Amino acid sequence: METRRKLEILADAAKYDASCASSGGTRRDSRSGGLGSTTGSGICHAYTPDGRCISLLKILLTNACQFDCAYCVNRASSNTPRARFTVAEVVDLTLGFYRRNAIEGLFLSSGIIRSPDYTMEQLVRVARALREDHGFRGYIHLKTIPDAAPELVAEAGRHADRLSINVELPLAASLKRLAPEKDAARIDGAMAALSEGIAAARDAARTARRARPPRFAPAGQSTQMIVGADPADDAAILGTATRLYGKHRLKRVYYSAYSPIPHASAMLPPVAPPLVREHRLYQADWLLRFYGFTAEEVLAGGEAGMLDLALDPKTAWALKHRGQFPLDPNAAPREALLRVPGLGVKSVERIMAARRHGPIRSADLARLGVPMGRALPFLLLPDHRPRTLEGAHLRAALLPATAFARAAAPAQLSLF
Amino acid sequence: MRVAVVLPGPADFEAWRRIARGLRAADVPPDQVAWHLAGEGPGLFGDDPPAPARAARFAVPRAFLALAETVIRHHHPERFALLYALLWRVTGDAPRLLDNPAEPLVARARAMASAVRRDAHKMHAFLRFRAVETPDGVRHIAWFEPDHHIERAEAGFFVRRFAQLRWTIVTPRVTLVWDGQTVQAGPGGRKSDLPPEDAMEPLWRAYYGAICNPARLKPGAMRAEMPRKYWRNLPETAEIPRLMAEAPARVRRMAEEAGAAPRHTPQRRPGHEPPPEA
């Protein structure tokens, strides 16, 4: 089979993994040899019509798989065409695209063939060839196969910037039903092992005196949950995410709306992917990580364990806690300002800086880049007093203008 | 007394800094200075700066220099005067001015600096090389059209990333040539200086098409991050109309095929995965 046909099959097979970040990890460049650099913040080199970014060459080594996970296009019982790359093909594609400045590096995953160890060994061979034979200094993200031997995982961590294991589904019972060969406890154990390895390598690097200790995934680990393939509500999803951030110190949890796939299983009838729900989960995730919200607080903005689909979760929360507003940005503490709809981490910083120089008025807020329509109903300024925070009209006024505006909202938000 | 000054280049920070220092030392207020670029101004040299009114020793906050170095790359002709007005204030009545992001002059300068940084980020992201054989070996050549005067400042990014390659970046205003040791900057070029598509480009376009999920189109989100003005210089964007047009039929086919009788799980039998050269 031609490389081009394999590339089409094995990229098509990889696209349901939402992760594409190339951030974090150590800074390095090629001035002393090799190819590539990492800047710490990652670069999105292109965007596809599905609104997602291309940062890494995201492919499977093979989409042949012994497992029969109902939600997966590559499951054993699917009629999807199969292919397998050689190590050299993946290396050549990665270096070739990288030299043209089309990617930041490689995100390599694989179907399970022969055994977990055999599969992991194949992934490690690609990373080893890139790093040791070609001096590749770009970004490498490897999918880790649960149950693979610890020494293979250790070598993967030496070469890779990031490792990941997908929890796949928010509920262990759903995993049992839809992915019979997978086991939530084993996945959790593998994530715990990665978390320990990452922390140990970080501590060792901090205290090392002479020889540098071996690297282990300096950009940390991430995971993905499929949304809408099982009956889990947003409370279950955000609960699992909170547990993963806390217990395994994950860098990111990705939420992937279950999307119709070719040759889909009859267990999952084809429906439009719940893109707005996915978007709201990312927004909620941001509130958990950067805005001091707990999962319970974010969910309090919605009803019965589900987020409000029509409004962003911070606005939804604020509308149900109107007694805490209006806030005076000239006096309120940082934690309170972070809860005002429309105020991001950066605009709160600017407000805190500006108010040391004198009272902030509405013209100042506009200059600080605050979206006035969303924020003003919740703010009290020397020249502005919100008319009323009561009644249903406020919710109506805060709804995005059109269904198109909602649909066009980006699936992945950037921090600022 | 009104002073006309002429800068040698559109983003020559050192020249601006030298002239601005002289004007500040001579206590020439911002509204008395007219800033021009060589070739666009009144004469080649402008007026001589007036003699300093006092010893030219005044403290310039480090934060001002960092901001000014970025803002001077902005294409707006107002940038030289804006920076001088800021310099006037931070070395005069308002040494803490830059700490206040709500101050109109500061907000304006910060907005210009972020536009420059965004332009640089898009250059790192959307510039594409093509490989071409030359008598001296393979050279990677790119054509890019930045909004601001960022070419020289961003050469370092490509040096760090591609130090071991030989590359050329052509823009309408500047050509950068890396020979492995230094970057030579020369006059700008044309898009026709770009060599024809190389062997990797069809593979890259194939990857772009295959990684897109037709069941979840969000063209608005795509355009927000990758505005149309960049499309003409990106090889993969030629695939966008096809991907958009084919998507509905592909999703319909998925719905029709869903739940079709599974094949007899050939992937399960050990050793039956496709061989490496399949």
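Heads up: the structure comes first, above all this text.
Residues numbered from 1 in each chain as written. Chains lettered and ligands numbered in written order. Predicted model: local features only at pLDDT ≥ 70, side-chain atom pairs only at ≥ 80, totals over all residues. Heavy atoms only, no water.

**Observations regarding the overall build of chain B**
Here is step 1: Secondary structure summary: chain B contains eight helices and seven strands in total.
Here is step 2: Scored against the burial criterion, the 278 residues of chain B give a buried share of 47%.
Here is step 3: Taking as baseline every contact in chain B between residues at least 6 positions apart, the subset at least 24 positions apart corresponds to 65%.
Here is step 4: Carbon and sulfur atoms make up 54% of the accessible area of chain B, which amounts to about 13,400 Å² in all. (Helix = DSSP H or I, 4+ residues; strand = E, 2+ residues; numbered from the N terminus. Buried < 20%, exposed > 50% of the residue type's maximum accessible area, 1.4 Å probe, protein only. Contact = heavy atoms within 4.5 Å. Areas by Shrake-Rupley, 256 points an atom, 1.4 Å probe, with all protein chains shown as cover.)

**Concerning the environment of Met225 of chain A**
Residues and elements named next belong to chain A.
Here is step 1: Secondary-structure assignment places Met225 in strand β7 (residues 221-227).
Here is step 2: Taking the C-alpha atoms as reference points, Met225 and Leu169, separated by 56 residues in sequence, lie 5.1 Å from one another.
Here is step 3: When neighbours within four sequence positions are excluded, Met225 is seen to be in contact with Val167, Glu168, Leu169, Pro170, Ile237, Thr240, Ala241, Val253, Tyr254, Tyr255 and Ser256.

**Re the side chain of Lys314 of chain A**
Residue and element names in this part refer to chain A.
Here is step 1: Within the element layout of this structure, Lys314 appears in helix α10 (residues 313-319).
Here is step 2: For Lys314, which is buried and forms no salt bridge, the nearest opposite charge comes from Asp312, at a distance of 6.8 Å.
Here is step 3: Apart from residues no more than four positions distant in its own chain, Lys314 is found in contact with Leu287, Tyr291, Phe293, Leu338, Arg339, Val340, Pro341 and Leu343. (Lys, Arg positive; Asp, Glu negative; His and termini not counted. Salt bridge = Lys/Arg side-chain N within 4 Å of Asp/Glu carboxyl O.)

**What to know about the packing of helix α3 (residues 79-90) of chain B against helix α4 (residues 104-126) of chain B**
Residue and element names in this part refer to chain B.
Here is step 1: Running from amino to carboxyl end, α3 crosses α4 at an angle of 135 degrees, the nearest separation of the two axes being 10 Å. The orientation of α3 relative to α4 falls into the category oblique. Crossing angle aside, the handedness with which α3 passes α4 is left-handed. Where α3 approaches α4, its residues Arg79, Leu82, Ala85, Leu86 and Arg89 are matched on the opposing element by Leu105, Val106, Arg108, Ala109 and Met112.
Here is step 2: Of the residues that constitute the contact of α3 with α4, the class distribution is seven nonpolar, no polar and three charged. (Axes fitted to C-alpha atoms, helices over the stretch in contact; angles between N-to-C directions. Parallel < 35°, antiparallel > 145°, perpendicular 65-115°, else oblique. Left-handed = near helix turned anticlockwise from the far one by under 90°. Nonpolar A, V, L, I, M, F, W, Y, C, P; charged D, E, K, R; others polar.)

**Structural notes on the side chain of Asp230 of chain A**
Residues and elements named next belong to chain A.
Here is step 1: With respect to the helices and strands, the residue Asp230 is situated in the loop between β7 and α7 (234-248).
Here is step 2: One buried charged side chain, Asp230, makes no salt bridge at all; its nearest oppositely charged neighbour is Arg177, positioned 6.3 Å away.
Here is step 3: Here Ser174 takes part through its side chain, which lies 2.6 Å from a polar atom of the side chain of Asp230.
Here is step 4: Look past the residues within four positions of Asp230 in its chain and what remains in contact with it is Leu169, Pro170, Leu171, Ser174, Arg177 and Leu178. (Polar contact = N/O pair within 3.5 Å; in protein donor to acceptor, adjacent residues only side chain to side chain.)

**Examining the interface of chain A and chain B**
Here is step 1: Contact with chain A, which involves 87 residues of that partner, is made by 74 residues of chain B.
Here is step 2: Summing both partners gives a buried area of about 6,700 Å² for chain A against chain B, and 61% of it is carried by carbon and sulfur.
Here is step 3: With a closest N to O distance of 2.5 Å, Glu104 of chain A and Arg161 of chain B form a salt bridge.
Here is step 4: Taken together, chain A and chain B are joined by 26 residue pairs in polar contact (both at pLDDT 80 or more).
Here is step 5: When contributions to the side of chain A that touches chain B are tallied by element, the ones reaching two or more residues are α1 (3-12), β1 (46-47), β3 (56-60), α2 (87-99), α8 (275-290), α12 (345-354) and α13 (362-367) of chain A.
Here is step 6: Residues that form the side of chain A that touches chain B fall into these classes: 41 nonpolar, 23 polar and 23 charged. (Buried area = accessible area lost by both parts, 1.4 Å probe.)

**What about the packing of aromatic side chains?**
All names here are of chain A.
Here is step 1: Taken as a whole and assessed by the stated rule, the structure comprises 24 aromatic pairs over all chains.
Here is step 2: Both rings, one in Tyr98 and one in Phe136, keep their centres 5.1 Å apart while their planes meet at 85 degrees; by these two values the pair is edge-to-face. Here the residue Tyr98 occupies a position in helix α2, and Phe136 occupies one in the loop between α3 (116-133) and β5 (139-143), the gap between them amounting to 38 residues. Each member of the pair, Tyr98 together with Phe136, is buried. (Phe/Tyr/Trp six-rings, centres within 6.5 Å; stacked < 30°, edge-to-face > 60°.)

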